[in-house]
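Working through the structure, step by step
Below are the chains, spelled out letter by letter.
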Amino acid sequence: MESAEQQINEIKNNLATVQQNIAAACIRAGREPSSVRLLPVTKTVSAERLRLAYAAGCHEMGENKIQEAREKSEALKDLDIKWAIIGHLQTNKAKYLARFANEFQALDSLKVAEELDKRLQIEGRAMDVYVQVNSSGEASKFGLAPDDVRTFVAELPNYSSLRIKGLMTLAIFSTDHERVRECFIKMRAIRDMLRQEAPATLLFEELSMGMSGDYEIAVEEGATVVRVGQAIFGKRPLPDSHYWPGTG
Ligand SMILES: *Cc1c(COP(=O)(O)O)cnc(C)c1O
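Being a predicted model, the structure only gives us computed values, none of them experimental.

On to the pattern of salt bridges, then. Tallied over the entire structure, the rule returns 20 salt bridges. Put simply, Arg51 and Asp78 hold a salt bridge, and the shortest N to O gap is 2.9 Å. Here the residue Arg51 occupies a position in helix α2 (residues 47-55), and Asp78 occupies one in the loop between α3 (66-75) and β3 (82-85), the gap between them amounting to 27 residues. Given a relative accessible area of 34%, Arg51 falls into the partly exposed group. Accessibility expressed as a relative area gives 56% for Asp78, which makes it exposed. Note that Lys72 and Glu63 form a salt bridge whose closest N and O atoms lie 2.8 Å from each other. Using a relative accessible area of 6% as the deciding quantity, one classes Lys72 as buried. Several salt bridges share partner residues, and in doing so they unite Arg28, Glu178, Arg181, Arg188, Glu220 and Glu221 into one network.

Here is the structure:
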């Protein structure tokens, strides 16, 4: 068993490696390294280990399941952690999200938008929100079809507690880098279209895309947020097909 100090150092080293890779990808693409935010993804990592991750410098944590995130936020409530929910949300869970999360990156229905807005108003706060787009067309992935994004976005000014920041996607899981890259290029095109056409109160600056296996490609294609878990915390015990049936 490694000591706490060894574990903290390991996480620090992994974070530094990922940051270096992000910076290198930025330079290849002629971008500023500071234009990319690294969101550590902490699903399946225990609250005890997240305490060490906090000491190693992770002050934001992304979780895909609201229940797991709630439990960890309770266990770690003495720390100043910003929680991001990055997975599909059932409408009846919006009330929990409104209580503790800092941002929601997986908006994909107006029902959820309406309920979340209502719950945020009750809590007296606003939240950063990303619209999830299914850029790969795979049935296992959540998110709006690219062709539906424009009509969806036109409704969002109705929900004044949602601060719409941009788009989120998971690319196709493939060893064929060009197919992965195509997903990211498609996302950038949709974001650029929305910047021109979306209602003025919605910003659409951000593109949350790229995970452990493909974040460097995502940065080359314009990601402003990358969501990285395994490259920081080590391999998860369950394969990707557990989270996204039919893939991985
Ligand atoms: C798990 C997850 C990630 C991170 O995946 P890694 O392979 O651990 O980097 C990113 N985004 C979402 C939505 C996830 O659920």
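Having put the structure on the table, let's press on.
Across all of its chains, the model carries zero aromatic pairs by this definition. Note that Arg70 overlies the ring of Tyr96, its terminal NZ or CZ placed 3.6 Å from the centroid. Sitting over the ring of Phe173, Lys141 keeps its end group 4.2 Å from the ring centre.

By the element assignment, Lys141 lies in the loop between β5 (127-132) and α6 (149-155). Judged by its relative accessible area of 6%, Lys141 is buried. Non-local contacts of Lys141, meaning those with residues more than four positions away in its chain, are made with Asn134, Ser136, Leu170, Ala171, Ile172, Phe173 and Trp244.

We now examine the pairing of strand β4 (residues 103-107). Most of β4 sits inside the fold, with five of its five residues counted as buried. Once the chain exits β3 it traverses helix α4 (residues 94-100) before rejoining the sheet at β4, and the crossover so formed is right-handed. Where β4 lies against β5, three bridges are found, and the strand directions are parallel. In the strand pairing of β5, Phe104 is matched with Val129.

Before going further, it helps to spend a moment on the layout of surface pockets. Roughly 930 Å³ of volume is contained in the largest pocket. Lining the largest pocket we find 43 residues, and of these Lys43, Asn64, Leu170, Tyr243 and Trp244 sit closest to its centre. Those elements giving two or more residues to the lining of the largest pocket turn out to be α3, α7 (177-197), β8 (225-228) and α10 (240-243). Here the lining of the largest pocket takes three residues from α10, the largest share from any one element. Each residue belonging to the lining of the largest pocket can be placed in one class, and the counts come to 19 nonpolar, 16 polar and eight charged.

Moving on: helix α1 (residues 4-28). Between the first and last C-alpha of α1 there are 36 Å, a value that for 25 residues agrees with the 36 Å anticipated at 1.5 Å per step. Considered for burial, the residues of α1 that qualify are Gln7, Ile8, Ile11, Leu15, Val18, Ile22, Ala25 and Cys26. Phi for Gly30, located one or two positions after α1, is positive at around 70 degrees.

Within the fold, Leu194 resides in helix α7. Spatially, the C-alpha atoms of Leu194 and Ala154 are 9.9 Å apart, while their sequence positions differ by 40 residues. Among residues more than four places away in sequence, those in contact with Leu194 are Val149, Val153, Leu167 and Phe204.

Bringing unusual backbone geometry into the picture now. Backbone geometry places Thr44, a non-glycine residue, at a positive phi of 70 degrees. Along the chain, Thr44 falls in the loop between β1 (37-40) and α2. Overall, the relative accessible area of 39% leaves Thr44 in the partly exposed class. For Phe204, which is not glycine, the phi torsion reads 50 degrees and is therefore positive. Relative to the assigned elements, Phe204 resides in the loop between α7 and β7 (206-208).

All right, on to the site of the ligand then. Lining the immediate environment of the ligand, one finds Val41, Lys43, Asn64, Ile86, Met211, Ser212, Arg227, Val228, Gly229, Gln230, Arg236 and Trp244. Here an oxygen atom of the ligand and a backbone polar atom of Gly229 are 2.9 Å apart. Here an oxygen atom of the ligand and a backbone polar atom of Gln230 are 2.8 Å apart. Protein chains bury 97% of the 390 Å² of accessible surface belonging to the ligand in isolation. Most atoms of the ligand, that is more than half of them, are within 2 Å of grid points of the largest pocket.

Conventions used here
Residues numbered from 1 in each chain as written. Predicted model: local features only at pLDDT ≥ 70, side-chain atom pairs only at ≥ 80, totals over all residues. Heavy atoms only, no water. Salt bridge = Lys/Arg side-chain N within 4 Å of Asp/Glu carboxyl O. Helix = DSSP H or I, 4+ residues; strand = E, 2+ residues; numbered from the N terminus. Buried < 20%, exposed > 50% of the residue type's maximum accessible area, 1.4 Å probe, protein only. Phe/Tyr/Trp six-rings, centres within 6.5 Å; stacked < 30°, edge-to-face > 60°. Lys NZ or Arg CZ within 6 Å of the ring centre and 35° of its normal. Contact = heavy atoms within 4.5 Å. Right-handed = clockwise from strand over helix to strand, strands pointing away. Pairing = 2+ DSSP bridges. 1 Å grid on protein atoms, 1.4 Å probe; cavity = no way out; pocket = protein on both sides within 12 Å on 5 of 7 lines; lining within 4 Å. Points joined across faces, edges and corners; volume = space filled by probe spheres on them. Nonpolar A, V, L, I, M, F, W, Y, C, P; charged D, E, K, R; others polar. Expected span 1.5 Å × (residues − 1). Near = heavy atom within 4 Å. Polar contact = N/O pair within 3.5 Å; in protein donor to acceptor, adjacent residues only side chain to side chain. Areas by Shrake-Rupley, 256 points an atom, 1.4 Å probe, with all protein chains shown as cover. Sits in = over half its atoms within 2 Å of the grid points.

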